[in-house]
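Observations on the model geometry
One-letter residues, chain by chain:
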Amino acid sequence: MLTVSGVDKTFTMHLQGGQQLAVLHRLAFELHPGECVALGGASGAGKSSILKMIYGNYAVDRGSIVLQGRGGGVDLAAAGPRQVLAARREAMGYVSQFLRCVPRVAALQVVAEPLVDRGVPAAEARARAAELLTRLNIPERLWALPPATFSGGEQQRVNIARGFVAQLPLLLLDEPTASLDAHNREVVTELILEKRAVGTAVLGIFHDAEVRDAVADRVIQVETFASAAGTAA
Amino acid sequence: MNEAQPLLEVRGVGHAYGDRYGCRDVDLDLWPGEVLAVVGESGSGKTTLLGTLSQRLSLTEGTIRYRVADGTVVNLAEISEAAVRRLWRTEWGFVHQNPADGLRMHVSAGGNVGEPLMATGWRHYGRIRATAAEWLERVEIPVDRIDDAPVTFSGGMRQRLQIARNLVISPRLVFMDEPTSGLDVSVQARLLDLIRSLVAELGLAMIIVTHDLGVARLISHRTLVMKDGRVVESGLTDRVLDDPQAAYTQLLVSSILQG
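Residues numbered from 1 in each chain as written. Chains lettered and ligands numbered in written order. Predicted model: local features only at pLDDT ≥ 70, side-chain atom pairs only at ≥ 80, totals over all residues.

Description of the overall build of chain A
Broken down by element type, chain A carries 7 helices and 10 strands. Against the compact-globule benchmark of 17 Å for 233 residues, chain A has a radius of gyration of 18 Å, which places it among compact chains. Referenced to the eigenvectors of the C-alpha coordinate spread, the extents of chain A come out at roughly 55 × 40 × 35 Å. Scored against the burial criterion, the 233 residues of chain A give a buried share of 42%. Long-range contacts, defined as pairs at least 24 residues apart, comprise 71% of the intrachain contacts of chain A with a sequence gap of at least 6. (Helix = DSSP H or I, 4+ residues; strand = E, 2+ residues; numbered from the N terminus. Rg over C-alpha atoms; globule rule 2.2 N^0.38 Å. Buried ≥ 20, exposed ≤ 12 C-beta atoms within 10 Å, placed from the backbone. Contact = placed C-beta atoms within 7 Å.)

This is the structure in structure tokens:
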């Protein structure tokens, strides 16, 4: 359902005199429905960059990222802003490392929003959001509060709930369990396995080896695609 | 809102002040339901661009095509002043940075919201007042202030009233010029959240000028970065801010204060 081929990524840092930081070279892999693939490699290898290129936050220098959807395939590497937004709406969920808090919006609303945006009636969206927040052990007294005031672990669980609430074909996870305790790590592991069971393809970065072994079928070593050029002026 | 045609098609647009261009060579398409942020520092031409697109400044070069509610596409330079005024009454809104520029400061809050309705032919006083009260509530102004004039309001309330005055006619396209920049930080957050939810609820298309990248991040789908009157970069807001390509955008992004 996702075919990445020949993808290069280099950052040009104009504020450092145009220094080029080559991160990925000829990245290629496939992802199938119901499969969970982990991205492995040292920090700085480009794992998050891969997720961000797929989700559209990062530009792709060369190559293609083809996502198969209901209306055929779309090459996310070449897609315009409206196509990327449509692909996100129809096909992609993304759990970033940190929740980007919107002032004043209640946690329950933050989690329900991806459903409301996709046309689910508000009451049903809130009910499903409440269910996930309960599973992730966010006490009900916090639901009406904006997550900006929550602890790091609570914010991350709100973020996970937001990413998991909609049923989408592809789920991108950037260290979803990084700041969670053992019990909540287990809940997230279960949630990932449930997604796989209904056919969602999951691509993730899992720092925690135990979580990774429990959820992923295989690991892609990102260093295999390190740019030979490395850092060059 | 699945129209296959853009609402606004802008090609090669420029406005010159004498022989100096305030903005030039601007191309953009705006689709129904889409929010476009125009960012840049003062003097970058972003406000000139907004003025040109909204017909407040003359078009020196280029074309602006607008798809009217009935489906016809008009070239804005070619329609009469009366036709432009009709668009302002029925399809467009403009929210100024300074609420005093967009409100009648000595007319009651209810009058400020009711007036645009009367301009589109509403005659029933009770209905106008009820709709005005409804809008005051939507923008979080206590309804018991309906007979007070905005001169007695705080800055944040005035700005929310200006938004109600613009949205009451259910416009299809709204221009906003730095709507939050004159306000305290706490008041800004409230206003932004309000704009964000109203725009999503009403499915409006909006062009918002801001020097604040946080505002662009929070409410826009796409961002246009301007410098010296020209567009230096444009695209999906996430991508412009997370992976800026132009040297100038990298400078802007790296200058954000981390709060």
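From this point on, the discussion continues.
Description of the pairing of strand β1 (residues 8–17) of chain B
Residue and element names in this part refer to chain B. Examined bridge by bridge, β1 and strand β2 (residues 20–30) share 7 bridges and lie antiparallel to one another. Pairing of valine 10 across the sheet is with leucine 28, part of β2. Between the antiparallel neighbours β1 and β2 lie 2 residues, among them glycine 18 with a positive phi of about 65°. (Pairing = 2+ DSSP bridges.)

Notes on the sheet that holds strand β9 (residues 218–221) of chain A
All names here are of chain A. With parallel pairing, 5 strands are arranged side by side in an open sheet as β6-β7-β8-β3-β9. The open sheet has two edge strands with one neighbour each: β6 (92–95) and β9. Taken pair by pair, the neighbouring strands of this sheet meet at an average axis angle of 20°, ignoring direction. Note that strand β3 (residues 36–40) and strand β8 (residues 201–205) share 3 bridges and pair parallel. Along β8, the bridge assignment pairs valine 37 with leucine 203. Taken strand by strand, helix α5 (residues 152–164) contacts β6 and β7 (170–174), and its axis lies near 175° from that of β6. (Axes fitted to C-alpha atoms, helices over the stretch in contact; angles between N-to-C directions.)

Here's the deal with the interface of chain B and chain A
Facing the 19 residues of chain B at the interface are 15 residues of chain A. Going through the elements one at a time, α6 (185–202), β10 (230–236), α8 (237–242) and α9 (247–254) of chain B are the ones with two or more residues in the side of chain B that touches chain A. Class assignment of the residues belonging to the side of chain B that touches chain A gives a composition of 7 nonpolar, 5 polar and 7 charged. (Nonpolar A, V, L, I, M, F, W, Y, C, P; charged D, E, K, R; others polar.)

Side note on the pairing of strand β9 (residues 222–227) of chain B
Residues and elements named next belong to chain B. Across the 6 residues that make up β9, a large majority, 6, are buried. Side chains Arg222, Leu224 and Met226 project from β9 onto one buried face, and the interleaved Thr223, Val225 and Lys227 project onto a second face that is buried too. Where strand β3 (residues 35–39) meets β9, 4 bridges bridge the pair, whose relative direction is parallel. Residue pairing in the sheet places valine 38 in a bridge with leucine 224 of β9.

A short note on the environment of Leu145(A)
All names here are of chain A. Mapped onto the elements, leucine 145 comes out in the loop between α4 (122–135) and α5. Judged by local crowding, leucine 145 falls into the partly exposed class, with 13 C-beta atoms found within 10 Å. Placed 41 residues apart in sequence, leucine 145 and arginine 104 show a C-alpha to C-alpha distance of 7.8 Å. When sequence neighbours within four positions are dropped, the list of residues in contact with leucine 145 reads Ala106 and Ala107.

Thoughts on the confidence of the model for chain B
Taken as a whole, chain B shows an average pLDDT of 93; of its residues, 98% reach a score of 70 or greater. Note on the complex model: pTM 0.92, ipTM 0.91. (pLDDT = per-residue confidence, 0-100.)

A short note on the domain arrangement of chain B
All names here are of chain B. Domain assignment breaks chain B into domain 1 (1–91 + 171–259) and domain 2 (104–169). For domain 1 versus domain 2, the distance between C-alpha centres works out to 25 Å. On the domain 2 side, the residues contacting the 14 residues of domain 1 number 12 residues. Looking at the side of domain 1 that touches domain 2, the elements that each hand over two or more residues are α2 (81–90) and α6. Counting residues per element, the side of domain 1 that touches domain 2 draws most heavily on α6, which supplies 7 residues. Residues belonging to the side of domain 1 that touches domain 2 are distributed by class as follows: 10 nonpolar, 2 polar and 2 charged. (Domains from an automatic or database assignment.)

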